[in-house]
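Reading the structure
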Amino acid sequence: MPPVITNIDDLHAIYRRRVPKMFYDYCQSGSWTEQTFRENETDFDKVRLRQRVAVDMEGRSVASTMIGRDVSMPVALAPVGLTGMQHADGEILAARAAEDFGVPFTLSTMSICSIEDVASRTSKPFWFQLYVMKDEAFIDNLIERARAAGCDALVLTLDLQILGQRHKDLKNGLSAPPKLTPATIANLATKVGWGLEMMQTPRRKFGNIVGHAKGVKDTSSLSSWTAEQFDPALDWKKIARIKEKWGGKLILKGILDAEDARMALKVGADAIIVSNHGGRQLDGALSSIRMLPEIMDAVGADTEVHMDGGIRSGQDVLKAIALGARGTYIGRAFIYGLGAMGQKGVTRALEVIHKELDTTMALCGEKNIHDVGPHNLLVPKGFTGEWESPVRNG
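These numbers come from a predicted model, not from an experiment. (Residues numbered from 1 in each chain as written. Predicted model: local features only at pLDDT ≥ 70, side-chain atom pairs only at ≥ 80, totals over all residues. Heavy atoms only, no water.)

Remarks on the sheet that holds strand β11 (residues 327-330)
Paired through backbone hydrogen bonds, the strands of a sheet run either parallel or antiparallel to each other. The eight strands lie next to each other as β4-β11-β10-β9-β8-β7-β6-β5, forming an open sheet whose pairing is parallel. Edge positions in the open sheet fall to β4 (75-77) and β5 (106-107), since each of these has one partner strand only. As judged from the four bridges shared by strand β9 (residues 271-274) and strand β10 (residues 304-308), these two strands associate in the parallel manner. Opposite valine 274, over in β10, you have methionine 307 as the bridge partner. Most of the contacts of helix α15 (residues 314-322) go to β11, to which it runs at about 145 degrees, and overall it touches β4, β10 and β11. (Pairing = 2+ DSSP bridges. Helix = DSSP H or I, 4+ residues; strand = E, 2+ residues; numbered from the N terminus. Contact = heavy atoms within 4.5 Å. Axes fitted to C-alpha atoms, helices over the stretch in contact; angles between N-to-C directions.)

In structure tokens form, the structure reads like this:
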């Protein structure tokens, strides 16, 4: 009989058994000590919910909009690199699941399936996430490809100018192409189902880069190219240039400071994503949910604020919305489903979160997601004001 999936942890358990260790660790890890990675999740536990009773709960709705797009719930699939190595054709399957469910899918620059692959196998627009590289011609070409594919928003990631060290990836030999050690080969040999599916697809390289970037004709030259190409000189002028080049809706991802949020307004961002890259970049940074209220106070009245990081349930989604976010993103949660059960697993992850969100909203005494607010929460004293910058207050 098929397994009974009642929460995201159930999908996580299957995912861990099914996917090779190097790709599991790539998903389930953070940088350095992994403090920020852990606190992205555990800080949600510190925020409690107010139970209300004797409220008419008929006719509930968690439908909303994100940058003007109707969504069945305020959740989007976050950009995740190497998704196509978690399951064969992973980006295509995840995009289809998101499309059917009525939530946005965001394709990573570092995806296995290309922009064109996903566009040709879906019928609704998806969002494209862009990393800024030194090669401006390549970036301009990526933008044109995204436009040609019908992408209706560009998600520009700002917090990967320099790569944070992830110990597990180095120890597993995760690179492009992977470095196969005896331990890695032994582990791959145990993942028969995953291997058979990967053998049946031609998509096993970075489809947005190989064959498109100068000097990258195959995966053998990809590793040195990526090591050199992430642009450490990315600044607000370059962001403004990309916005002008794109011409469409722009979402800036990686905002974790009120000052940066104000700068995002100045360059005309249509939305910002409060995010610390899933705890995979600056270890020791505060969690996204802790920083959300401060950023809402700074810019929430002037732009749409989204939140990414640590969301594993519908209750987490409700807490983020109650603190002011217009939308949220799930990365690991949908990857667990994809690795566990393919497209059906992504759909099941979305179903779980939708049901949890709807039920939690009702038990908090609300029947429409737009009525959810701080009054639905119990937040510990000092949750947002415990940390202060000596410079700002000096």
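Some points on the packing of aromatic side chains
Summed over all chains, the structure comprises five aromatic pairs. Grouping aromatic residues by their ring pairs yields a cluster made of Tyr15, Tyr24 and Tyr336. (Phe/Tyr/Trp six-rings, centres within 6.5 Å; stacked < 30°, edge-to-face > 60°.)

A few points about the environment of aspartate 70
Mapped onto the fold, aspartate 70 is located in strand β3 (residues 69-71). The exposure class assigned to aspartate 70 is exposed, which follows from its relative accessible area of 65%. Spatially, the C-alpha atoms of aspartate 70 and glycine 102 are 7.8 Å apart, while their sequence positions differ by 32 residues. Those residues in contact with aspartate 70 that lie beyond four places of it in its chain are Ser64, Thr65 and Gly102. (Buried < 20%, exposed > 50% of the residue type's maximum accessible area, 1.4 Å probe, protein only.)

Observations regarding helix α10 (residues 192-199)
When we look at burial in α10, the residues that qualify are Trp194, Gly195 and Met198. Viewed along the axis of α10, the buried residues span an arc of 95 degrees, placing them on a single side of the element. Buried residues belonging to α10 abut α1 (8-18), α2 (21-27), α4 (83-86) and α9 (182-189). (Arc of directions from axis to C-beta.)

Things to note about the packing of helix α13 (residues 258-266) against helix α14 (residues 288-299)
Relative orientation of the contacting elements α13 and α14 amounts to 40 degrees, with a least axis distance of 9 Å. On the basis of the axis angle, α13 is oblique to α14. Every pair of crossing elements has a handedness; the one defined by α13 and α14 is right-handed. Taking contact as the criterion, the partners of Ala258, Ala261, Arg262 and Leu265 in α13 are, on α14, Glu294, Ile295, Ala298 and Val299. Its residues assigned to classes, the contact of α13 with α14 comprises six nonpolar, no polar and two charged. (Parallel < 35°, antiparallel > 145°, perpendicular 65-115°, else oblique. Left-handed = near helix turned anticlockwise from the far one by under 90°. Nonpolar A, V, L, I, M, F, W, Y, C, P; charged D, E, K, R; others polar.)

A look at α15
Most of α15 sits out of view: eight of its nine residues are buried. Along α15, the residues classified as buried are Gly314, Asp316, Val317, Leu318, Lys319, Ala320, Ile321 and Ala322. Where α15 begins, the side chain of serine 313 points an oxygen toward the backbone nitrogen of glutamine 315, at a separation of 3.3 Å. Immediately downstream of α15, the backbone of glycine 324 shows phi near 120 degrees, a positive value. (Polar contact = N/O pair within 3.5 Å; in protein donor to acceptor, adjacent residues only side chain to side chain.)

Details of the pattern of salt bridges
Evaluated as defined, the whole model comprises 19 salt bridges. In this structure, aspartate 43 and arginine 290 form a salt bridge, with 3.0 Å as the shortest nitrogen-oxygen distance. Highlighted residues: aspartate 43 in helix α3 (residues 35-46) and arginine 290 in helix α14, separated in sequence by 247 residues. Across the pair arginine 203 and aspartate 89 runs a salt bridge, and its minimum N-O distance is 3.0 Å. Taken together, the residues span a long stretch of sequence, with arginine 203 in the loop between α10 and α11 (222-229) and aspartate 89 in the loop between α4 and α5 (90-101) at a distance of 114 residues. As far as burial versus exposure is concerned, arginine 203 and aspartate 89 are alike and both buried. One network of salt bridges, with partners in common, ties together Asp89, Asp117, Arg121 and Arg203. (Salt bridge = Lys/Arg side-chain N within 4 Å of Asp/Glu carboxyl O.)

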